[in-house]
Amino acid sequence: MTEDELFLTAVLNCSRSELFTHPVTLDHKQQELLGTMRRRRSAGEPVQYICGFTEFMGYRIEVGPGVLVPRPETEILVDAVIEESRRHQGQGLSVLDIATGSGCIPIALVRGIPACKVAGVDISGEALSFARRNSDINGVSGRIDFIERDVFWFMDETKHHFDIVTANPPYIPSAMIPELPEDVRREPALALDGGADGLHFYRYIVPGALRLLKSGGLLALEFGDGQRKDLENLFAITGGWDKIRFIKDNAGRDRVVLAYKHTNQYFK
Ligand SMILES: C[S@@+](CC[C@H](N)C(=O)[O-])C[C@H]1O[C@@H](n2cnc3c(N)ncnc32)[C@H](O)[C@@H]1O
């Protein structure tokens, strides 16, 4: 969809196909709204903030200042987790989604995995208010528990054990943030900044997930360009992981890693 088509679907509250199958006539108010949207876009605001929503795996996800816009790459992580979950024989998988943001990952997982329940943790109350609204809109609020907490504390404190841990943490190296396109810089720095080399969160999540996962449990992480080698090293140094598999995005870049907690792992 072009940006203008997106704006039109938002102004007319219709789908893209309706845009092409029905004659488009805008009344005065709608024309003004479209003009305002175009001006906001020229001033550098993300298209999805202006429309107020985006689509993630076909689900409507509301977004605005204070929350990261879900990216198509993250659908690769969700698809892979849903696929892996089909091998699980038991009922009612429990999932922890770290750095949950808009709630896009938990929402797509509970819709894709029968009877699973998800806890989504994020430090940002603003992001979580979008996440709660999004889980309502998509009819899954009873199956997701959103927790406002610094993940570093949460991982130390929680006594729960999960079948699956997912995370798309901030992974942009701090020095690269000022060089990002204007619209990306309008998204919260908290959602982007992964520390000096972008790996700050992974250094904590990879060993920490061993304590949180059940034996044989799955860890699924999204990561940034050029970070695969460092992640391979991190998994190797940490130990306790099996069947580590990297998945590429549509541009052929390594984007997601899956790893299973070793069944004879010492930490339980
Ligand atoms: C890259 S965004 C991912 C959002 C969402 N999972 C997605 O894929 O669109 C990272 C998220 O991490 C959160 N975050 C940053 N630091 C955190 C921390 N110390 N503890 C918990 N969440 C944190 C941010 O608020 C942001 O929502």
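It should be noted that the structure appears before, not after, this text.
These notes cover the structure that comes with them. (Residues numbered from 1 in each chain as written. Predicted model: local features only at pLDDT ≥ 70, side-chain atom pairs only at ≥ 80, totals over all residues. Heavy atoms only, no water.)

### Considering the packing of aromatic side chains
The description of two aromatic rings rests on the distance between their centres and on the angle between their planes.
Turning to step 1, where the next piece is worked out: Tallied over the full model, the rule gives four aromatic pairs.
Turning to step 2, where the next piece is worked out: Centroid distance Phe235 to Trp241: 5.6 Å. Interplanar angle 90°. Geometry classified as edge-to-face.
Turning to step 3, where the next piece is worked out: On the accessibility criterion, Phe235 (3% relative accessible area) is buried.
Turning to step 4, where the next piece is worked out: Note on Trp241: relative accessible area 9%, which makes it buried.
Turning to step 5, where the next piece is worked out: A network of ring pairs unites the aromatic residues Phe152, Phe201 and Tyr204 as a single cluster.
Turning to step 6, where the next piece is worked out: The ring of Phe130 has Arg133 sitting right over it, with the charged end atom 5.1 Å from the ring centre.
Turning to step 7, where the next piece is worked out: Positioned above the aromatic ring of Tyr260 is the side chain of Lys243, whose terminal nitrogen or guanidinium carbon lies 4.5 Å from the ring centre. (Phe/Tyr/Trp six-rings, centres within 6.5 Å; stacked < 30°, edge-to-face > 60°. Buried < 20%, exposed > 50% of the residue type's maximum accessible area, 1.4 Å probe, protein only. Lys NZ or Arg CZ within 6 Å of the ring centre and 35° of its normal.)

### Overview of the site of the ligand
Turning to step 1, where the next piece is worked out: With respect to spatial proximity, 21 residues lie near the ligand, and among them Ala99, Asp122, Val151, Asn168 and Ala191 are the closest.
Turning to step 2, where the next piece is worked out: One of the backbone nitrogen or oxygen atoms of Val151 is found 2.8 Å away from a nitrogen atom of the ligand.
Turning to step 3, where the next piece is worked out: Alone, the ligand offers 600 Å² of accessible surface; in the complex the protein occludes 96% of this.
Turning to step 4, where the next piece is worked out: Elements supplying a minimum of two residues to the shell around the ligand: helix 6 (104-112), helix 8 (151-157) and helix 10 (189-192).
Turning to step 5, where the next piece is worked out: Of the residues that constitute the shell around the ligand, the class distribution is 13 nonpolar, five polar and three charged. (Near = heavy atom within 4 Å. Polar contact = N/O pair within 3.5 Å; in protein donor to acceptor, adjacent residues only side chain to side chain. Areas by Shrake-Rupley, 256 points an atom, 1.4 Å probe, with all protein chains shown as cover. Helix = DSSP H or I, 4+ residues; strand = E, 2+ residues; numbered from the N terminus. Nonpolar A, V, L, I, M, F, W, Y, C, P; charged D, E, K, R; others polar.)

### A few points about the sheet that holds strand 8 (residues 241-248)
Turning to step 1, where the next piece is worked out: Across the sheet, seven strands lie side by side as 5-4-3-6-7-9-8; this open sheet has mixed pairing. Since the sheet does not close on itself, it has two edges, and those belong to strand 5 (144-148) and strand 8, each with one partner. Taking each pair of neighbouring strands and ignoring which way they run, the sheet shows an average axis angle of 15°.
Turning to step 2, where the next piece is worked out: Pairing between strand 3 (residues 94-98) and strand 6 (residues 162-167): four bridges, direction parallel. For Leu96, the partnering residue across the bridge sits in strand 6 and is Val165.
Turning to step 3, where the next piece is worked out: Sheet strands in contact with helix 5 (residues 73-85) are strand 6, strand 7 (213-222), strand 8 and strand 9 (254-261), and its direction is about 160° off that of strand 7.
Turning to step 4, where the next piece is worked out: Sitting on the sheet, helix 7 (residues 125-137) touches strand 4 (117-122) and strand 5, and the angle it makes with strand 5 is about 170°. (Pairing = 2+ DSSP bridges. Axes fitted to C-alpha atoms, helices over the stretch in contact; angles between N-to-C directions. Contact = heavy atoms within 4.5 Å.)

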